[in-house]
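Working through the structure, step by step
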Amino acid sequence: MPSRLVVLASGSGTLFEALAEAARGDYPARVTALVTDRGCEAEKRAERLGIEVVRVTPREYDSRADWNRALTKTATDYDPDFVVTAGFMRILGPDFLSAFPGRIVNSHPALLPAFPGAHAVRDALAYGVRVTGTTIHIVDEGVDTGPVLAQEPVAIELDDSEASLHERIKAVERRLLVEVVAGLVTKGVIIDGRKALIP
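Glancing now at the pairing of strand β2 (residues 29-36). By the criterion of burial, β2 is predominantly enclosed, with six of the eight residues buried. Examined bridge by bridge, strand β1 (residues 3-9) and β2 share seven bridges and lie parallel to one another. The partner of Ala9 across the bridge, within β2, is Thr36. Taking the sense of rotation as the criterion, the β-α-β connection linking β1, helix α1 (residues 14-22) and β2 turns out right-handed. As defined by bridge partners, β2 adjoins strand β3 (residues 53-55) across three bridges and the pair is classed as parallel.

As structure tokens, then:
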């Protein structure tokens, strides 16, 4: 029986689409729902793939805490084995984290702990580093601070723009996320402090 995945997204949805398209046939998981916080291209991709979409918009709630509780309830209703945040541009609150301890996976376009936050690609270019990359990690209460599951470097070219570099990083992210999620759902994860290991 394939594992159940809920994906959270806010943007273009290319990571979500890569995972959803892989999660068919012999792949050990299925995407059961896409949850968004706004109207976005990811929703259109989900509709094309026949995947249910639920939008939980922050402005419809009286407080951030209320929104987080609603987001938690929405995800919990699908009974996921893992939650994957794929370009989801909001911080998950304690209710959500406690509902899925050690079972929330994020993809970040930098080699953490370098360049956390929403502008990782721009920050790497501005700093002048020669290599950046992508990190797949477990989500904790910090901003891109959770235990690292996998990383892969991407060289920065002298003529790179933010867009060109981000596109090369995303190509790596899409493949690595699919590989890591397959490992997680078949083998689980051992978390020991800062270390996360897929046995």
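Look at the link from Leu112 to Pro113: it is a cis peptide, with omega at 15°. Tracing the backbone shows Pro113 in the loop between β5 (104-108) and α5 (120-127). Positioned with a positive phi, Phe115 is a non-glycine residue whose angle comes to about 55°. Position of Phe115 relative to the elements: it lies in the loop between β5 and α5. Residue classification places Phe115 among the buried positions, given a relative accessible area of 16%. Here Asp144, not a glycine, exhibits a phi torsion of approximately 60°, which is positive.

The next thing to look at is the side chain of Arg45. With respect to the helices and strands, Arg45 occurs in helix α2 (residues 41-49). Residue classification places Arg45 among the buried positions, given a relative accessible area of 15%. Of the polar contacts made by the side chain of Arg45, one reaches the side chain of Glu17; its length is 2.6 Å. Apart from residues lying up to four places away in sequence, Arg45 is in contact with Ser12, Gly13, Thr14, Phe16 and Glu17.

Criteria and thresholds
Residues numbered from 1 in each chain as written. Predicted model: local features only at pLDDT ≥ 70, side-chain atom pairs only at ≥ 80, totals over all residues. Heavy atoms only, no water. Buried < 20%, exposed > 50% of the residue type's maximum accessible area, 1.4 Å probe, protein only. Helix = DSSP H or I, 4+ residues; strand = E, 2+ residues; numbered from the N terminus. Pairing = 2+ DSSP bridges. Right-handed = clockwise from strand over helix to strand, strands pointing away. Polar contact = N/O pair within 3.5 Å; in protein donor to acceptor, adjacent residues only side chain to side chain. Contact = heavy atoms within 4.5 Å.

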